[in-house]
Amino acid sequence: MTFTKKILGLAVLAGFASMAHAVTATVPTSFNGLTWTFASNVSGQTDCTQLVLDATGDLNQGFGLGLHGFLNCTSGSYAVSGTAYFTVTGQLNMTMHVGAGTIAVCNALPSATLSGPCSIFNGSGATLGAGSIAIVR
Amino acid sequence: MKHAVAVTAALAGLCAASLYFAEVIDSRRAEPVPVAVNTKFNPAEVAAESPAAERLPSFRLVGVLVQEDGSTALLEVDGQPARSFREGDAITAAWTLAKVRPEFVTVTGAEKSVRVGLSGGVGAWNKSAAASTPAPSAMTPMAEAPPFVPLEVARERNRPFLEAINARTGGS
């Protein structure tokens, strides 16, 4: 290997090294046990009154949150997983799979209240009913 | 001596005068004071006939589900978290959910009905929703549920999140 090739190789490596700096790695924050009151008129959810979620995300650098938790009902509970993101206007949009085959979409929740109505669909996208969540303060 | 007699006479006069005026004042107190009575509106009677339960609460219709086998509505009453009511359910002691329609519900009391529109909520006109889209079998809650989180604990857990959101959005 000639000296020129060595120099070129080093230059390429240096280039990669400088590119690596362009990627910013941040540590997401977990907020555990966030609790909302819940109400729904969907069959199987009418006795569910409490939504408890762990939310993970980087609120400083990003917009999104991962959600995992459960929907508490008097007769038991459903596993919940989903995502949420903040819009540019600061509203929170949440989509959650509740149990199997039910999806709750709570859109445009004002950041000041993090509460509002939800649409509840089955797996085919047909509306099953309505819901409502209100964060506990 | 003359001076003493004059003083005694003056004191006697003063006593007589005070006794007279005391009598007059007492007799006036005993007289009934005329009061204008409005026979058409007696607040006490109205209060007795219309208990506080008749007060129209503030309703917010969050969502409706119209079905053949019983329509339901999600209502916030007086700012409380929304609850699900079926047609015919009593919302409060004085107000009943009379009708559920895709865009509004009617709440009736003893003397009047109120129409509450769907504002920013969710409506579903699923006439045969129950038949065509039965709740999946998985929509049976798990047998063992985690315990309900007490509100005090929930408030404590939510605080850092709410503060972070507040900091992110600048309190908007």
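Before any of the text, the structure's been laid out above.
Parameters at a glance
Residue positions are counted from 1 within each chain, in the order its sequence is given. Written order decides the labels, with chains lettered from A and ligands numbered from 1. A pLDDT threshold of at least 70 governs which residues receive local features in this predicted model, and a stricter bar of 80 or more applies before side-chain atom pairs are shown or counted, although totals over entire chains, interfaces and linings include all residues. Only hydrogens and water are removed before side-chain values are computed, so all heavy atoms of the structure are retained for them. Put simply, DSSP H or I for four residues or longer makes a helix, DSSP E for two residues or longer makes a strand, and each gets a number counted from the N terminus. Whether two residues touch is decided by their heavy atoms; if any such pair falls within 4.5 Å, the residues are in contact. Areas reported here follow the Shrake-Rupley algorithm with a probe of radius 1.4 Å; residue values treat only the protein chains shown as occluding. A 3.5 Å cut-off defines polar contacts: any pair of N or O atoms within that distance qualifies, except that in protein one atom must be a possible hydrogen donor and the other a possible acceptor, and neighbouring residues in sequence count only when both atoms are side-chain atoms. Should a side-chain nitrogen of Lys or Arg be within 4 Å of a carboxyl oxygen of Asp or Glu, the pair is scored as a salt bridge. All residues other than Ala, Val, Leu, Ile, Met, Phe, Trp, Tyr, Cys, Pro, Asp, Glu, Lys and Arg, Gly among them, are scored as polar; the first ten of these are nonpolar and the last four charged. The rule is simple: take the accessible area with a 1.4 Å probe, protein chains only, and divide by the maximum for that residue type; under 20% is buried, over 50% is exposed, in between is partly exposed. Residues enter a nonpolar core if they are buried and are Ala, Val, Leu, Ile, Met, Phe, Trp, Tyr or Cys, with the set joined through side-chain atoms within 4.5 Å. To pair, rings of Phe, Tyr and Trp, with the six-membered ring standing in for Trp, must have centres within 6.5 Å; the planes then decide the type, stacked if under 30 degrees apart, edge-to-face if over 60, and tilted in the middle. Here, two cysteine sulfur atoms that lie within 2.5 Å of each other are counted as a disulfide. For two strands to pair, DSSP has to find at least two bridges joining them. With axes taken as lines fitted to C-alpha atoms, and helix axes fitted only over the stretch in contact, angles between N-to-C directions fall between 0 and 180 degrees.

Can you help me understand the overall build of chain B in this one?
Looking only at helices and strands, chain B has 4 helices and 6 strands in total. When the elements of chain B are put in sequence order from the N terminus, they spell out α-α-β-β-β-β-β-β-α-α. Contacts in chain B between residues far apart in sequence, at least 24 positions, make up 36% of those at least 6 positions apart. Accessible surface for chain B amounts to roughly 11700 Å². Of this, 58% is attributable to carbon and sulfur atoms.

Hey, could you run me through the side chain of S40(A) in this one?
If you trace the backbone, S40(A) turns up in strand β1 (residues 29-40). Separated by 3.2 Å, the side chains of S40(A) and Q45(A) make a polar contact. A distance of 3.5 Å separates a polar atom in the side chain of S40(A) from the backbone oxygen of A130(A). Apart from residues no more than four positions distant in its own chain, S40(A) is found in contact with Q45(A), T46(A), I120(A), A130(A), G131(A), L74(B) and S84(B).

How should I be thinking about the interface of chain B and chain A in this particular structure?
The parts lose accessible area when they come together, and the size of an interface is often stated as this lost area. Taken together, the contact pairs 45 residues of chain B with 51 residues of chain A. The tally of links between chain B and chain A comes to 0 salt bridges. Summed over the shared surface of chain B and chain A, the number is 5 residue pairs in polar contact (both at pLDDT 80 or more). The greatest single-element share of the side of chain B that touches chain A, amounting to 12 residues, is contributed by helix α4 (residues 151-169) of chain B. In the side of chain B that touches chain A, the residues fall into 27 nonpolar, 11 polar and 7 charged.

Whenever I open this one, the pattern of salt bridges confuses me. Can you help?
Any two side chains of opposite charge can pair, so long as their charged atoms come close to each other. All names here are of chain B. In this structure the tally under the stated criterion is 4 salt bridges over all chains. A salt bridge links D78 to R55, with the shortest nitrogen-to-oxygen separation between them at 2.8 Å. Of the two residues, D78 sits in the loop between β2 (72-77) and β3 (83-86) while R55 sits in the loop between α2 (43-49) and β1 (59-66), which places them 23 residues apart along the sequence. Of the charged contacts in the structure, one is a salt bridge between E87 and R101, with a shortest N-O distance of 3.6 Å. Taken together, the residues span a long stretch of sequence, with E87 in the loop between β3 and β4 (96-100) and R101 in the loop between β4 and β5 (104-108) at a distance of 14 residues. We classify R101 as partly exposed; its relative accessible area is 33%.

Looking at this model, I keep getting lost on the nonpolar core. Mind explaining?
In globular proteins that are soluble, nonpolar side chains generally tend to be buried together. Counting 34 residues, the largest nonpolar core has W36(A), L51(A), L71(A), M94(A), M96(A), I133(A) and F161(B) as the members making the most contacts within it. Setting aside residues up to four positions removed in sequence, M96(A) forms contacts with L51(A), L53(A), L67(A), V80(A), S81(A), G82(A), T102(A), I103(A), A104(A) and C106(A).

Before we go on, may I ask you to explain the packing of aromatic side chains in this structure?
Under the counting rule described, the total for this entry stands at 1 aromatic pair over all chains. Ring geometry for F31(A) against F161(B): centres 5.0 Å apart, planes inclined by 65°, an arrangement best described as edge-to-face. Taken as a pair, F31(A) in strand β1 and F161(B) in helix α4 lie in two separate chains rather than in one. Exposure remark for F31(A): the relative accessible area of 10% places this residue in the buried category. Of the residues examined, F161(B) reaches a relative accessible area of 1% and is grouped as buried.

Just checking my understanding: could you explain the state of the cysteines for this structure?
All names here are of chain A. In this structure the tally under the stated criterion is 2 disulfides over all chains. For C106, the disulfide goes to C118, at an S-S distance of 2.1 Å. Because the torsion about its S-S bond is 100°, the bridge between C106 and C118 counts as right-handed. Here C106 is found in strand β6 (residues 102-109), whereas its partner C118 is found in strand β7 (residues 116-122), with 12 residues between them in sequence. If the cysteines joined by disulfides in chain A are listed in sequence order, their pairing comes out as 1-2, 3-4.

Please clarify how the sheet that holds strand β8 (residues 127-135) of chain A should be interpreted in this entry.
Two pairing modes exist for strands in a sheet, parallel and antiparallel, and in both the strands are linked by backbone hydrogen bonds. Sheet architecture is closed into a barrel: 8 strands sit in the order β1-β2-β3-β4-β5-β6-β7-β8 (chain A), paired in antiparallel fashion. Between one strand axis and the next, the sheet turns through 30° on average, direction left out of account. Here strand β4 (residues 76-86) of chain A pairs with strand β5 (residues 92-98) of chain A via 7 bridges, running antiparallel. Paired with Y85(A) across the two strands is N93(A), which belongs to β5(A). Where α4(B) meets the sheet, its contacts fall on β1, β3 (64-73), β4 and β8 of chain A, and the angle it forms with β1(A) comes to roughly 105°.

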